[in-house]
Amino acid sequence: MPQNETIAELGLDEYKYGFVTEDKPVFKAVPGLSSDIVRQISRHKEEPEWMLDFRLKALDVYYSKPMPKWGGDLSKLEDTLDQIYFYLKPQDQMERSWDDVPQEIKDTFEKLGIPEAERKALAGVGAQYESEMVYHSLKEQWEEQGVIFESIEDGLAKHPELFRQYFSTVVPTHDNKFAALNSAVWSGGSFVYIPKGVKVEIPLQAYFRVNAERMGQFERTLIICEEGAEAHYIEGCTAPVYSTDSFHSGVIEIVVKKGARFRYTTIQNWSNNMYNLVTQRALVHEDAKMEWLDGNLGSKLTMKYPSCFLVGERAHGEILSIAYAGDGQHQDTGGKVIHAAPNTTSQITSKSISKGLGRSSYRGLCKVYDGAEGAKSNVECDALLLDEQSRTDTYPYIEIDENTASIGHEATVSKVGDEQLFYLMSRGLDEAEAMAMIVRGFIEPVAKELPLEYAIELNRLIELEMEGSVG
Amino acid sequence: MSEPLLSIRGLRAKVEGEDGEILRGVDLDLERGEVHALMGPNGSGKSTLAKVIAGHPAYEVTAGEILFEGEDVLELEPDERSRAGIFLAFQYPAEIPGVSIANFLRTAVNSRLDEGEEMDVFGFQRTLTEKMEMLKMDPGFATRYVNDGFSGGEKKRNEILQMAVLRPALGVLDETDSGLDIDALKVVARGVNRLSEADEALGVLLITHYKRILNYIQPDVVHVMMAGRIAESGGASLADKLEAEGYDWLQQPATV
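Keep in mind that what you see is a predicted model, and the values were worked out from it rather than measured.

Criteria and thresholds
- Residues numbered from 1 in each chain as written.
- Chains lettered and ligands numbered in written order.
- Predicted model: local features only at pLDDT ≥ 70, side-chain atom pairs only at ≥ 80, totals over all residues.
- Heavy atoms only, no water.
- Helix = DSSP H or I, 4+ residues; strand = E, 2+ residues; numbered from the N terminus.
- Buried < 20%, exposed > 50% of the residue type's maximum accessible area, 1.4 Å probe, protein only.
- Contact = heavy atoms within 4.5 Å.
- Areas by Shrake-Rupley, 256 points an atom, 1.4 Å probe, with all protein chains shown as cover.
- Salt bridge = Lys/Arg side-chain N within 4 Å of Asp/Glu carboxyl O.
- 1 Å grid on protein atoms, 1.4 Å probe; cavity = no way out; pocket = protein on both sides within 12 Å on 5 of 7 lines; lining within 4 Å.
- Points joined across faces, edges and corners; volume = space filled by probe spheres on them.
- Nonpolar A, V, L, I, M, F, W, Y, C, P; charged D, E, K, R; others polar.
- Buried area = accessible area lost by both parts, 1.4 Å probe.
- Polar contact = N/O pair within 3.5 Å; in protein donor to acceptor, adjacent residues only side chain to side chain.
- Patch = residues over 30% accessible without salt bridge, like charges linked within 9 Å, V, L, I, M, F, W, Y side chains within 5 Å.
- Lys, Arg positive; Asp, Glu negative; His and termini not counted.
- Charge placed at Lys NZ, Arg CZ, Asp CG, Glu CD.
- Phe/Tyr/Trp six-rings, centres within 6.5 Å; stacked < 30°, edge-to-face > 60°.
- Domains from an automatic or database assignment.
- Pairing = 2+ DSSP bridges.
- Axes fitted to C-alpha atoms, helices over the stretch in contact; angles between N-to-C directions.
- Arc of directions from axis to C-beta.

J.: Would you explain the overall build of chain B in this entry?
T.: Secondary structure summary: chain B contains seven helices and twelve strands in total. Counting only C-alpha atoms, chain B reaches 55 × 40 × 35 Å along its principal axes. Taken across its 256 residues, chain B has 52% of its residues classed as buried. Put simply, 70% of the contacts in chain B that link residues at least 6 apart link residues at least 24 apart. By element, 45% of the accessible surface of chain B is carried by carbon and sulfur atoms, the whole surface being about 11400 Å².

As structure tokens, this is what we get:
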């Protein structure tokens, strides 16, 4: 059985959604970055003066910081950044209902393979198309509960004080070069506010899609979950194939107040030329619980480490992530937990799959500050290699300043073995089915945490990719 | 129905990329409905024969043929052999974390149907529950991940469960008895007997080190394998003789 040959035929990493829907941008900035572009963005969004100042200062910070030397290969990124558009606006105004959404955008959803029934089930969707929210309908019950679920622009316009109170408090501009870049040119994203004690049963979903060649995507999301509140936010996206390198750099800030619970789920399936550099961070207060569920497929390079800053006593943070690195892809992902209060607990579970020349790295930080007595953290990272060439690395950073802390770290690397394949094939499964089953089994601990439609979508993605490439 | 269920002729095989044949001319005929025991000392080639019948990719057949229901299967992939009706109960089954037994078996059953067809989910569940009861397995077993963290006994029982659900024409049981305590052995043996009763045409090739399992599964024929060949064949009494006298009385074939 020539295993490698067949694995190559499986082509999990070949992007099948490489269609481009013809778009009609109303406004198109010139490529490249300058303070003029930043002013243009701010003027176009009719922002208050303080936000323009914030953006311009962030631009200076961005220019002053060197390109990171760690993680993935960013040497060609500067060229890419000269060519991309930092702002695009496909339409003049927000759409309020599904009927108002333009046909070509509906076609895009159609091509993503979301069945009719599922689209209706996505009733509470806030979808981001290009750099702008175009579709954003809130369920009436949420409005009755006082939940705010708006585009980030509307959040700023309609709730200026609330917005300003929290914006950039979790991820400061100077945090890293790309957080600074995002702060200068951010556009699109969500603003979410869950009032005290409110439990939102149905996940808040934003389904968005990047769709213009050489377009930069700098979404910014700000979420405030008040005391005792509970909610789940889901972001999923898939992008078409581009002819040149593309770039995505988002910033997600979440505040989880005392006794609140929040879960943030992302499934990202970028095209193979995308640089995906995202800063996701949550500030977790006393007795609160934060969970990041993070799936990374596609892209040229992803650097993404969802973080939990556990600042209140007994705060709990969880990071569950899965990454798939196909040929030519590098997934540098993991998580960060900062224990800054007593009896805080955290769990990081990371799963990666590498194929061909794909490379996956786990990069994690666990820091326990002096005084965070009784802090407990556990890290588990499992890597699955689909063939001889694929590669995986683990970079766990552990910094402990508190001697009552208890830290566990466990890492496993496994290779899809001839014995596993033979076993499944000896029961009648052909080689592609057998390989798909092993991969599905490997990601099952993550998939089972997903809402059904996302678990189905994840499995469908894998199955579609495999079906088309065998026989 | 003139040809045997399984007919092996002059079969020679080695590990791919290595020198030295492990099978050095195996001849064996197994008729429909028969149970054959294949005994022999360690390293005589019993397990290799089992894997070669199932099409393990690590082995290269250098000469001879394996006819299953009159058709040469040597060019068939392992999954094609499985769908044709050959089943191998593994001595060391692989672990497939994250895949439940129910899901795995349903996929295996569906692989036998025409494209687009699927077995009724409830019908499958009934079949699975029934077979599990027969093997005295806890109903929760079906939701466990395939062989993941199983005890030796659980793994062997799981193999027989799969055979019961997939209903092959030929079951090759590779040391299914090893590592089982007497109670587990009885359960497994009863399971195999029930399958034979339910399907009178079922052929079984039972590979074992010990006579113990033959107290519960009556073989029609006993073969002894020595250094890659069938050195002796006979009735059930041959097993008794082996038990009493060991393998030394058998003439060692000339070494290559």
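J.: Honestly, the pattern of salt bridges in this entry has me stumped. Any pointers?
T.: When charged atoms on two side chains of opposite charge get close, those side chains can pair. On inspection of all chains with the given rule, the structure shows 33 salt bridges over all chains. Between A:Lys304 and A:Asp294 there is a salt bridge, with the nearest N and O atoms lying 2.9 Å from each other. Of this pair, A:Lys304 sits in strand E16 (residues 301–304) while A:Asp294 sits in strand E15 (residues 289–298), and the two are ten residues apart along the sequence. Residue A:Lys304 shares its accessibility class with A:Asp294, and that shared class is buried. In this structure, B:Asp240 engages B:Lys211 in a salt bridge whose closest nitrogen and oxygen atoms are separated by 3.2 Å. Taken together, the residues span a long stretch of sequence, with B:Asp240 in helix H7 (residues 237–245) and B:Lys211 in the loop between strand E10 (203–207) and strand E11 (221–226) at a distance of 29 residues. In this structure B:Asp240 comes out as partly exposed when scored by relative accessible area, which is 40%. Exposure remark for B:Lys211: the relative accessible area of 14% places this residue in the buried category. Because the salt bridges share partners, they merge into one network encompassing A:Arg263, A:Lys289, A:Glu291 and A:Glu449.

J.: Help me understand the layout of surface pockets in this model?
T.: Where empty space is left can be seen by rolling a probe of water-molecule size over the atoms. Residues and elements named next belong to chain A. As a volume, the second largest pocket reaches approximately 540 Å³. Trp70, Asp175, Asn176, Tyr305 and Lys336 are the residues nearest the centre of the second largest pocket, which is lined by 21 residues in total. Tallying contributions element by element places strand E14 (residues 274–284) first for the lining of the second largest pocket, with five residues. Considering only residue class, the lining of the second largest pocket consists of ten nonpolar, five polar and six charged.

J.: Please clarify how the interface of chain A and chain B should be interpreted in this entry.
T.: Note: interface size is frequently given as the accessible area lost on complex formation between the parts. Listed by partner, the interface residues are 19 residues for chain A and 34 residues for chain B. Together chain A and chain B conceal approximately 2100 Å² of surface at their shared face, both sides included; 66% is due to carbon and sulfur atoms. Our count for the contact surface shared by chain A and chain B stands at one salt bridge. Measuring nitrogen to oxygen at the nearest pair gives 2.6 Å for the salt bridge that ties B:Glu159 to A:Arg427. Where chain A meets chain B, there are 14 residue pairs in polar contact (both at pLDDT 80 or more). Looking at the side of chain A that touches chain B, the elements that each hand over two or more residues are helix H11 (418–425) and helix H12 (431–447) of chain A. Classifying every residue of the side of chain A that touches chain B gives nine nonpolar, four polar and six charged.

J.: When you look at a negative patch on the surface in this model, what are you seeing that I'm missing?
T.: All names here are of chain B. Residues Glu65, Glu71, Asp72 and Glu75 make up a contiguous surface patch of negative charge. Structurally, Glu71 can be placed in strand E5 (residues 71–72). Residue Glu71 is classed as exposed on the basis of its relative accessible area, which comes to 55%.

J.: Which parts of the structure should I look at to understand the packing of aromatic side chains?
T.: All names here are of chain A. The full count for this structure, using the stated rule, is 18 aromatic pairs over all chains. With a centroid separation of 5.0 Å and an interplanar angle of 65 degrees, the aromatic rings of Phe54 and Phe167 are classed as edge-to-face. Taken as a pair, Phe54 in helix H3 (residues 49–64) and Phe167 in the loop between helix H9 (160–166) and helix H10 (177–185) lie far apart in primary sequence, 113 residues in all. The same class applies to Phe54 as to Phe167, namely buried. Ring centres 5.8 Å apart and planes at 40 degrees place the aromatic pair Trp70 and Tyr305 in the tilted group. Here the residue Trp70 occupies a position in the loop between H3 and helix H4 (77–83), and Tyr305 occupies one in the loop between E16 and strand E17 (307–310), the gap between them amounting to 235 residues. Judged by relative accessible area, Tyr305 falls into the buried class, the value being 12%.

J.: Honestly, the domain arrangement of chain A in this entry has me stumped. Any pointers?
T.: All names here are of chain A. Assigned domains of chain A: these are domain 1 (22–415) and domain 2 (416–471). Carbon and sulfur atoms supply 69% of the area that domain 1 and domain 2 bury against each other, a total of about 2000 Å² over both sides. Across the domain 1-domain 2 interface, the total number found is one salt bridge. Notably, a salt bridge pairs Glu449 with Arg263, separated by 2.9 Å at the nearest N-O pair. Taken together, the connections running from domain 1 to domain 2 amount to four residue pairs in polar contact (both at pLDDT 80 or more). Breaking the side of domain 1 that touches domain 2 down by element, the ones donating at least two residues are strand E7 (204–208), strand E10 (230–238), strand E13 (261–270), E15, strand E18 (316–325), strand E20 (345–354), strand E22 (376–385) and strand E24 (406–415). Of the residues assigned to the side of domain 1 that touches domain 2, the class counts are 13 nonpolar, nine polar and five charged.

J.: Explain the sheet that holds strand E6 (residues 86–89) of chain B here, please?
T.: Within a sheet, each strand pairs with its neighbour through backbone hydrogen bonds, oriented either parallel or antiparallel. Residue and element names in this part refer to chain B. With mixed pairing, six strands are arranged side by side in an open sheet as E6-E9-E10-E3-E11-E12. Here the strands that pair on one side only, and so sit at the sheet edges, are E6 and strand E12 (229–234). In this sheet, neighbouring strand axes are inclined to one another by 20 degrees on average, regardless of whether the strands run parallel or antiparallel. Here strand E3 (residues 35–39) pairs with E10 via four bridges, running parallel. Across the sheet, the residue bridging to Leu38 is Ile207, located in E10.

J.: Please clarify how the sheet that holds E5(B) should be interpreted in this entry.
T.: All names here are of chain B. Ordered by their spatial adjacency, four strands build an open sheet running E2-E1-E4-E5, and the pairing between neighbours is antiparallel. With one partner strand each, in any of the chains shown, strand E2 (21–30) and E5 form the two edges of the open sheet. Where strand E4 (residues 59–68) meets E5, two bridges bridge the pair, whose relative direction is antiparallel. Each residue of the ladder has a partner; that of Phe68, found in E5, is Glu71.

J.: Before we go on, may I ask you to explain the side chain of B:His36 in this structure?
T.: Residue and element names in this part refer to chain B. Relative to the helices and strands, His36 resides in strand E3. Looking at His36, the relative accessible area reads 1%, which means it is buried. A distance of 2.8 Å separates the side chain of His36 from the side chain of His223, its partner in a polar contact. Look past the residues within four positions of His36 in its chain and what remains in contact with it is Leu28, Asp29, Leu30, Val204, Leu205, Leu206, Val221 and His223.

J.: Help me understand helix H2 (residues 35–44) of chain A in this model?
T.: An α-helical turn contains 3.6 residues, so any two residues separated by three or four positions project in the same direction. Residues and elements named next belong to chain A. By the burial criterion, the buried members of H2 are Ile37, Val38, Ile41 and Ser42. The arc that holds every buried residue of H2, seen down its axis, measures 135 degrees, which confines them to one face. Residues Asp36 and Arg43 are exposed on H2 and point more than 90 degrees away from its buried face. Contacts from the buried residues of H2 go to H3 and H10. Once H2 finishes, Glu46 follows within two positions and takes phi at roughly 55 degrees, a positive value.

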